[in-house]
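Report on the structure
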Amino acid sequence: EKKILPVNPARQMKYLPEGKARMPRAIYPDELKIFFKTLKRNKHLCHGKIIEIVLISYYTGMRLGEIVNLLKENVRIKEGMIYIQAYGKGENYWRPKSSESVRAIDIHPDLLPILKTLLKTDGPYLFSQEDGPLLQQSSVSIAMRKIIKQTKLPQDISFHCLRHTFITNLLENGTPLKEAQAIAGHADIRTTMKYVHVIPKKHSPVKAIPSVRRLVS
């Protein structure tokens, strides 16, 4: 008989100090319920765009810098894809974290209405103001900390944890490691492999080996 652990043992893992290798910190389903309820009460943050920003991260795994610098022309609704790639010249030049970060990400159905609305706004960026991107990464991070402080959730939850949650969900749903690496834009597959170690096993592959007693009975 298969048994599912009532509590994810990965939650008991201690996170190492900054500068040392750390395990990815995903936001668990019960935590997400609390988080999204509090998020709705703070929808005015980041010029009233905090919900949209959070959902884009949750459904795409995009880094915060990729979101605030995303051009509308790189959101292809008809293709169902978001393209992360370098653009601009001089002071307006922007590029992803690494060459592996240049990628295409499928658009989740729940994101379609949100993206269609944002694409109708003025400016070249998905989140635009007159002279460039509407948002700074720091302002979004501060807003996220403010939301988490209003909950009783662990205070180690940051905006980047939404990306960790996305990648964890990919692997939990059976996405091959190399494909998950490409979707996440990881330069090194060892970064993606860290997520494998924090995913609780729902069943033991060893215990799935057919019993000899069944074979000879």
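Our structure's up above, just so we're on the same page.
First, a word on scope: everything that follows refers to the structure included in this document.

Conventions adopted
Residues numbered from 1 in each chain as written. Predicted model: local features only at pLDDT ≥ 70, side-chain atom pairs only at ≥ 80, totals over all residues. Heavy atoms only, no water. Helix = DSSP H or I, 4+ residues; strand = E, 2+ residues; numbered from the N terminus. Buried < 20%, exposed > 50% of the residue type's maximum accessible area, 1.4 Å probe, protein only. Contact = heavy atoms within 4.5 Å. Areas by Shrake-Rupley, 256 points an atom, 1.4 Å probe, with all protein chains shown as cover. Salt bridge = Lys/Arg side-chain N within 4 Å of Asp/Glu carboxyl O. Core = buried A, V, L, I, M, F, W, Y, C linked by side-chain atoms within 4.5 Å. Polar contact = N/O pair within 3.5 Å; in protein donor to acceptor, adjacent residues only side chain to side chain. Axes fitted to C-alpha atoms, helices over the stretch in contact; angles between N-to-C directions. Parallel < 35°, antiparallel > 145°, perpendicular 65-115°, else oblique. Left-handed = near helix turned anticlockwise from the far one by under 90°. Nonpolar A, V, L, I, M, F, W, Y, C, P; charged D, E, K, R; others polar.

**Comments concerning the overall build of the protein chain**
Looking only at helices and strands, the protein chain features 10 helices and five strands. Evaluated residue by residue, the protein chain yields a buried proportion of 41% over its 217 residues. Intrachain contacts of the protein chain at a sequence separation of at least 6 include 62% that bridge at least 24 residues. Roughly 13,800 Å² of accessible area belongs to the protein chain as shown, and the carbon and sulfur atoms make up 55% of that amount.

**A look at the pattern of salt bridges**
Applying the stated criterion across every chain yields a total of six salt bridges. Arginine 63 serves as the salt-bridge partner of glutamate 66, at 2.9 Å between the closest nitrogen and oxygen. Assessed through its relative accessible area of 3%, glutamate 66 is described here as buried. Its relative accessible area of 12% is what places arginine 63 among the buried residues. Across the pair arginine 190 and aspartate 188 runs a salt bridge, and its minimum N-O distance is 2.7 Å. On the accessibility criterion, aspartate 188 (27% relative accessible area) is partly exposed. Through salt bridges with shared partners, one network takes in Arg25, Glu31 and Asp156.

**Some points on the nonpolar core**
Within the largest apolar cluster, 45 residues are counted, with the highest numbers of intra-cluster contacts made by Phe35, Ile50, Ile53, Ile56, Phe127, Val140 and Phe159. Of all the secondary structure elements, the ones that give two or more residues to this core are α1 (29-41), α2 (45-48), α3 (50-60), α4 (64-68), β2 (81-84), α5 (112-119), α6 (137-149) and α7 (160-172). Examining the composition of this core, we find that seven residues originate from one element, α3, more than from any other. Leaving out residues up to four positions away in the same chain, phenylalanine 35 has contacts with Val54, Met144, Ile147, Ile148, Leu153 and Leu162. In this structure, Leu171, Ile183, Tyr195 and Ile199 belong to the second largest nonpolar core, which totals nine residues.

**What about the side chain of arginine 25?**
Residue position: arginine 25 is located in the segment before α1. Engagement of the side chain of arginine 25 in a polar contact is seen with the side chain of glutamate 31, the distance being 2.8 Å.

**A short note on the packing of α1 against α6**
When two helices pack together, their arrangement is given by the angle between the helix axes and by the axis-to-axis distance. Running from N to C, α1 and α6 point in directions that differ by 115°, and their axes come no closer than 9 Å. Looking at the two axes, α1 sits roughly perpendicular to α6. The hand of the α1/α6 crossing is right-handed. Packed against α1, whose contacting residues are Phe35, Thr38 and Leu39, the element α6 presents Met144, Ile147 and Ile148 at the interface. Each residue belonging to the contact of α1 with α6 can be placed in one class, and the counts come to five nonpolar, one polar and no charged.

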